[in-house]
Every structure is written in structure tokens, then in C-alpha cells.
Amino acid sequence: MSDLERLRHSCAHVMATAILRLWPDAQFAYGPPIDQGFYYDFEMKHRLTPDDFAAIEAEMRKISKENQKFERRVLSREEAKAMAESGRLGGLSERPGNASRFKLDLIDKIPEGEEISCFQNGEFIDLCAGPHVGYSGKCKNVKLMSVSSSFYMGDPAKGQLQRLYGTAFESKELLEEHLLRLEEAKKRDHRKLGRELGLFHIDEMVGQGLILWKPKGALVRRALQDFITAELDKQGYSQVFTPHIGKLDLYRTSGHFPYYQESQFAVIPERSILEKLADEDATCATLLNGLERGEYEGYLLKPMNCPHHIKIYSSEQRSYRDLPVRLAEFGTVYRWEQSGELGGMTRVRGFTQDDAHLFCTPDQVAKEVEGCLDLVKKVLGTLGMNEYRVRLSLRDPDSDKYVGDPANWDKAESALRAAVKTLGVPYTEEPGEAAFYGPKIDFVVRDVIGRDWQLGTVQVDYNLPVRFELSYIGEDNRQHTPVMIHRAPFGSLERFTGLLIEHFEGKFPVWLAPEQCRVLPISDKTVEFSAEVTQVLAEAGLRVSMDRTSDKIGAKIRNARLERIPYMLIIGQKELEEGLVSVRHRDQDDLGTMPLAEFVDKLSKENRERSLSFS
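Attention in this report is confined to the structure presented alongside it.

So, how was this worked out
Residues numbered from 1 in each chain as written. Predicted model: local features only at pLDDT ≥ 70, side-chain atom pairs only at ≥ 80, totals over all residues. Heavy atoms only, no water. Buried < 20%, exposed > 50% of the residue type's maximum accessible area, 1.4 Å probe, protein only. Helix = DSSP H or I, 4+ residues; strand = E, 2+ residues; numbered from the N terminus. Arc of directions from axis to C-beta. Contact = heavy atoms within 4.5 Å. Axes fitted to C-alpha atoms, helices over the stretch in contact; angles between N-to-C directions. Parallel < 35°, antiparallel > 145°, perpendicular 65-115°, else oblique. Left-handed = near helix turned anticlockwise from the far one by under 90°. Nonpolar A, V, L, I, M, F, W, Y, C, P; charged D, E, K, R; others polar. Salt bridge = Lys/Arg side-chain N within 4 Å of Asp/Glu carboxyl O.

**Re helix α3 (residues 77-85)**
Alright, step 1. When we look at burial in α3, the residues that qualify are Arg 77, Ala 80, Met 83 and Ala 84. Around the axis of α3, the buried residues are gathered within 130 degrees of arc, so they sit on the same side. With respect to the buried face of α3, the exposed residues turned more than 90 degrees away are Glu 78 and Glu 85.
Alright, step 2. Those residues of α3 that are buried lie in contact with β4 (70-75), α4 (101-109), β5 (116-121) and β6 (124-127).
Alright, step 3. Looking one or two places after α3, you find Gly 87, whose phi comes out positive at around 85 degrees.

What follows is the structure, encoded as C-alpha cells:
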């Protein structure tokens, strides 16, 4: 553990001690540190609510002031079981008739011969491998965050528990900074802003994790797609379209079935197979096993676009002169995420990737990978996301989840390792994080409030071309196997848009704003001229509307600002008579009056240059 993780792990034990002082019947399961803090799962009669947090925190402060020592003890299996049966393990004292049942189960899960240890602070002793800080006095900069339900070992059949989350830092200042960031995150929450700004909707009748893009959100998405399409055209990509579904054999060949099976929607069997098995009174197991073994044919909602692009490549004979072949698609894919993991636009079950697959000769790999990396850098730079790190995800040689010849893996990893060094940014190598068919470079972007997001990715793949027997005719007039590169600068349009909503707090730059300008007539007398102004802006290719309500001008300005519209044109009698427009910016306030043509040029320039800020 890092020093911060050790501190947070210790705070979990202090929190458990405090809860037991208040509710001695509590049965504790486990309490690990996590990215943003720590939690403890437990069972007790009292149902915690945020109203209880003050009392628990007060007790935790007392324990911190007591400066209890964290002491490690090694137990025999018999000692550990005896302590658990008496209720002492995971408690403040022996609790006759209240055995520590979760601890008994955890002890049984420890392999024979492995050391069993516990840690004690004050009167609390718990089964734990550690490590911990030396004394509870360090556990003073703590805040309880939330309480939720959980299941022991994630299994609903094992009963529902309570999970109390907290966070902790080495200093009061760091804790306060963190809490301020969380408050800022609440303000920027894309689910809240998406609803308020009318960008997207998730409907239970449609299904969890399936995004309905509303007109304004669709305009943001279209702007992103137009941006990347223009870049792809410059780099010689060809756009393709493929179906949302494919035969199961396609994914058997690619390896997505069964290697990716747990993350896929269920297979859709052919109707004739269903009818045949129904007539035979067969069980679901018969159907599933038959599909697994390849005895029955079925279809799959595509989890990846790559097998479809592979089939486009293989649909005609290729020569080395044709390579590289670069195929791009805004392709929607489907993944079966667990319902508890879904969240707004950032974790969904159906999403569209700005996907592309490049088929090239081995000696073209380095140049093509660098081109893909340049594209990701262009995307992030245009959006002002200049704080990022790079992760080189490699295979774990001891794992059996990876397919293909180890020699090809070595070549792919070497190619990516050389390419990532050209970026001039920090990178880390992470074994075990590669896709099952090849290593990858992931861009992890830090947003304006310090959160990390994995976005763009570039992958080198020697394996799928072999599995699909792809080829091209080389200079020697013989068949050779191409190398395949997978890349997606945005990653997922849904996730990327959710991130952008939060990154900009809904205040999109002009080129991304669903509505770039709103015309606000002060009175009925200026409505006709306002309509003419609106028409001029629309004909210039700008996204504009006119407020035709009977509200006073102050209310119209306030509404436009609440909707985060970059520019407002106020049209009063003076503007009508002089043929001018009075310009306001959502952040810069009153910019004065100017000729309409001048404003059109200014707004068009911001839009065209994809400027990030007011100019």
C-alpha cells in the first residue's frame, strides 16, 4: 500500500471501532482502502443514515486523540476461529451468542499454511493482513461521505449489508481541498447538467445504460463527429458502415466469444433453433451449451466493430501497394455492464466509438501508430485537455486470457513501446492490462477538477489478422499477413460527451455549443428585425434561435445564461434604428454594439477555428 492507502485502511478500523462503541451488535465483514477513501461493510439492526455521521465522526475524533497503537498479532487457525466464535474478532470484546460469522467465513477462505494475522487498536481487534499506520493519532483528518447497501462477497444470496464510505488525508488542508473538489464535481455532474440543459435522457422503458440523445445533445455529438471526420479525411481514412449485429461464428473466430462473453449481451438464437428446441421440450441449458459448443447458430449484438471491418478488408484481394487501408466508422457497440456499475453517460450498455482499423505492412506499423497518436493529441489539444498521462498496457505472460503467438506479442509491444516514447509525456507500463488480442496505449486525461478519465486508445494487433487469415500480395508476389491497428481518439462518444459536459460545466465553447447565439427582442416592435437578424445568422451556418416569449429582457438574458448560451444579441429600438446589434457574452457580460456583419464574422471565426475561449 501507499502511505495514503495505509492511512485510509487504518481509518477504516477507527471507523469500525467508533461504530461498535455506538452499536455493539455490529458484525463487520471487510474494510479496504479505495481510490477516494475507504469503506467498511457490516451488518447491524440500526439502519445508518447521514444523520448518524456526526455521532460516528465525534467518536472517531475521540479514538484519534486516544492515540491507540496499531499492533499486529499472528494467530493459529484454531485461535482465530475461537476468537471469531466468541464474537471477539471484529468486536470490542467477547459477545456471547453473537459470533463473528463473516470472520469465520473469511478464515475458512484463507489457504492452509498461509499466515493468519490480526490488528488491534485499543479494544478493537480485527482479522487483517495490514499494513497500518503506527497510531490512531494520525487518523484525524477524516470525513464520512455516504452510506449504501452492499452484498457480502457481492452475492445477493448471502444477504444485504450496510456499506459506510469515508475519506481521509494526511492534512486538514488536503482534506478540505478534496471536499471542495467534490462540491465542484456535484455542480458539474453531467447527469444533472444533462437534464437541466436538455442534452440526453435515460428512460427505464428503453433500458438502463441506453442513451437517448436529445436534439441539443445530438448537436454536440454532431460537432464532435464533424471535427474528427475532417481530420480523418486529411489522413486518408475511408468511412464505412456496418450492422449492429453479426453471426456468432464471426465472434467465435475473433475470440470475442467466448473470451469476452461475460461482458456481452446474451446470444440471439436463430428462430428455427428455438422452435425446434421448444418442440423437444429442451431446457435453457441445452440451448446455451449448444451455442457454446457451436452446435447451434445465433447472432450477437456487436461488442466490437473490428470483426466487421476485418470482413470489409478481406472482401477483396489486396496488394502491398494498397496498404495501409484505413477504415473508420462511428460504430455503436453493446456491452452488458452490471446495473450497479452504470452511471449516466460515462458507463453505459450501448455506445458509439469513433472507431478505426488500419491494415498495414509490418514496416508501416511505426509510422501508422505515430499518426494515430498524433490524432489523439490533436483531439485533446483542441479541447484544452493538455494534462494527461499515457499508459502502456501489456500482457501478463502468466495469464491464459491472451490469444496468439508470443513472438507476435513481443513485436506488438516493442512497436508500441517505441511509439509511446515519441510523445514526450510521462508513461507507465502496466502488465496484465492489454486487450486479449494485443497491447495498447491508453490516454488517461485529468479534468479541470483533478479526476482521471481513460479516453483515447491505440492498439497494435498481430493476432486477429492471423485468426481471420487476412493477407496481401507482397513485392515478392507471395501472400503475407498484414498487421492491424485499432484506434479510437474519443473512445466512446457517450463517455466523452459526459466528460466534456463536466469539464466545461455545460459552458461549451462556441464550436460545441448546441445553441451558439440567441436573439432577444426587447419588445414587440423589434420582433420583425430580430427575426431578420436570426435568419442572417442561420444562413451563415450558425446555430441560433430567437426568444419569442413575452418575458422582460432581464428574464430573457437570465434564461439564456442558465442555458449556457455563449452569445446573446439584444435588439431594442436603438439597434433597430441604427441597424446594429447589442452583444452580450454569458461570461463577459456587455460587449457593446456592433454591425451585424461584424458580429457574424466574429462568431464564424470562433466557430471555424474551434476556439476554446471568448476572443
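**Some thoughts on the packing of helix α13 (residues 365-382) against helix α14 (residues 406-420)**
Alright, step 1. Packing of α13 against α14 leaves a shortest axis separation of 10 Å and a crossing angle of 50 degrees. For the element pair α13 / α14, the angle class is oblique. For the element pair α13 and α14, the recorded crossing hand is right-handed. Taking contact as the criterion, the partners of Val 365, Val 369 and Leu 373 in α13 are, on α14, Ala 415, Leu 416, Ala 419 and Val 420.
Alright, step 2. The class makeup of the residues in the contact of α13 with α14 is seven nonpolar, no polar and no charged.

**Some thoughts on helix α11 (residues 284-293)**
An α-helical segment advances 3.6 residues per turn. Residues three or four places apart therefore align on the same side.
Alright, step 1. Within α11, the full set of buried residues consists of Leu 287, Gly 290 and Leu 291. End-on view of α11: buried residues confined to an arc of 100 degrees, all on one side of the axis. Exposed residues pointing more than 90 degrees away from the buried face of α11 are listed as Leu 288 and Arg 293.
Alright, step 2. Next to the buried residues of α11 lie α8 (248-254), α9 (256-259), β13 (268-269), α10 (271-279) and β14 (298-301).
Alright, step 3. In the stretch just after α11, Gly 294 is the one whose phi turns positive, near 85 degrees.

**Observations concerning the pattern of salt bridges**
In a structure, side chains of opposite charge can pair up when their charged atoms sit close to one another.
Alright, step 1. Counting across every chain of the model gives 47 salt bridges.
Alright, step 2. We note a salt bridge from Arg 6 to Asp 3, for which the minimum N-O separation is 2.9 Å. Pair noted here: Arg 6 and Asp 3 are both in helix α1 (residues 3-22), with a separation of three residues, about one helical turn.
Alright, step 3. Under the relative-accessibility criterion, Arg 6 is labelled partly exposed at 22%.

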